[in-house]
Amino acid sequence: MTHSALPTVTLPSGEKVPQLGQGTWWMGESRRAFDEEVAALRLGLDLGMTLIDTAELYAEGGAEEVVAEAVKGRRDNCFIVSKVKPENSTRAGMIAACERSLKRLKTDRIDLYLLHWRGPPGLEETLAGFEALLAKGVIRYFGVSNFDVGDMEELFRLKGGDACASNQVVYNLRRRGIEYGLVPWSREHGIPIMAYSPIEQGRIGRDRGLAAIAARHGVTPSQIALAWVLRHSDIMVIPKSSNAEHVRENRAALDIALSEADLAELDRAFPPPKGARPLEIL
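Remember, it's a predicted structure, so these values are computed and weren't measured experimentally. (Residues numbered from 1 in each chain as written. Predicted model: local features only at pLDDT ≥ 70, side-chain atom pairs only at ≥ 80, totals over all residues. Heavy atoms only, no water.)

With that settled, the discussion passes to empty space enclosed by the protein. Enumeration over the complete set of coordinates arrives at two cavities of 30 Å³ or more. A volume near 50 Å³ is recorded for the largest cavity. Classifying every residue of the lining of the largest cavity by side-chain character gives five nonpolar, five polar and one charged. Each pocket or cavity is described by its volume, and for the second largest cavity that value is around 30 Å³. In terms of lining, the second largest cavity is formed by Leu-115, Leu-123, Thr-126, Leu-127, Phe-130, Phe-142, Val-144, Phe-147 and Leu-155. Mapped by element, the contributors of at least two residues to the lining of the second largest cavity are α4 (123–136) and β6 (139–145). Here the lining of the second largest cavity gets four residues from one element, more than from any other, and that element is α4. Looking at the lining of the second largest cavity residue by residue, the class counts come to eight nonpolar, one polar and no charged. (1 Å grid on protein atoms, 1.4 Å probe; cavity = no way out; pocket = protein on both sides within 12 Å on 5 of 7 lines; lining within 4 Å. Points joined across faces, edges and corners; volume = space filled by probe spheres on them. Nonpolar A, V, L, I, M, F, W, Y, C, P; charged D, E, K, R; others polar. Helix = DSSP H or I, 4+ residues; strand = E, 2+ residues; numbered from the N terminus.)

Written out as structure tokens, the structure is:
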């Protein structure tokens with residue numbers, strides 16, 4: 001599989017995927033916005049952001065339908081991530097949920113299939129579902145989302161749990177708790193993090209703590225926030241945008257080099273954690 005010329009993150013298998021991808025949370029909610037959302041994702045693909053994250057939860061599968069249209073004719077150049085709802089994470093439930101997602105995505109495989117967050121089914125049962133899907137060839141890798149250190153350690157104690165390819169969690173300037181425990185643990189075990197909501201659905205761009213730095217670089221505050229997450233070369237980042245201008249801004253954030261002075265100023269405005277915090281979930 002070939003991907004873009006963007007910086008890449010290496011999965012445990014050795015496969016490289018673009019560090020900067022595209023999210024789809026809140027896409028597929030309105031048929032009136034469908035064409036605009038498809039166009040935004042296609043522009044992102046043109047710019048090299050060929051990793052697309054979606055989920056059966058988003059618009060009850062509507063976001064997956066947006067993705068299907070966006071990748072039409074270029075599926076083999078894309079890395080599609082989708083997620084199963086916790087209530088569907090039994091072995092039988094996952095097989096059925098994955099089949100529905102494949103139908104909506106109009107593809108024969110999902111590159112990375114994640115458990116959206118932990119639910120009542122035990123992790124042994126969920127792992128059995130992942131293994132069945134891997135054996136069928138309908139997913140290429142499995143992973144998790146919204147798992148803290150304790151969850152990951154529990155997963156790794158189970159047979160086959162260490163085949164997890166990624167953990168998707170919220171990470172941005174306002175939500176830095178994972179830096180204390182989860183980031184070091186993930187690096188030690190070679191499990192790349194995928195950061196969702198890196199600009200807090202755009203809200204972080206209104207924070208005054210970013211204005212001066214953005215002005216110095218001649219970019220938007222949201223681009224500074226995104227560049228701050230992207231400075232971690234081993235973290236995948238999946239901002240969502242259905243606006244063409246914002247898609248271009250997201251891509252341009254890769255070209256922003258934050259100085260030590262910038263980073264120190266950001267630490268003062270958004271202090272790093274001094275101890276363990278409960279994992280935040282949006």
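Judged by nonpolar contacts, the single largest core of 78 residues is most densely connected at Tyr-113, Ile-139, Met-152, Leu-258 and Leu-266. The leading source of residues in this core is helix α8 (residues 221–230), at seven residues. In this structure, Tyr-141, Ala-165, Met-194 and Ile-238 belong to the second largest nonpolar core, which totals 15 residues. (Core = buried A, V, L, I, M, F, W, Y, C linked by side-chain atoms within 4.5 Å. Buried < 20%, exposed > 50% of the residue type's maximum accessible area, 1.4 Å probe, protein only.)

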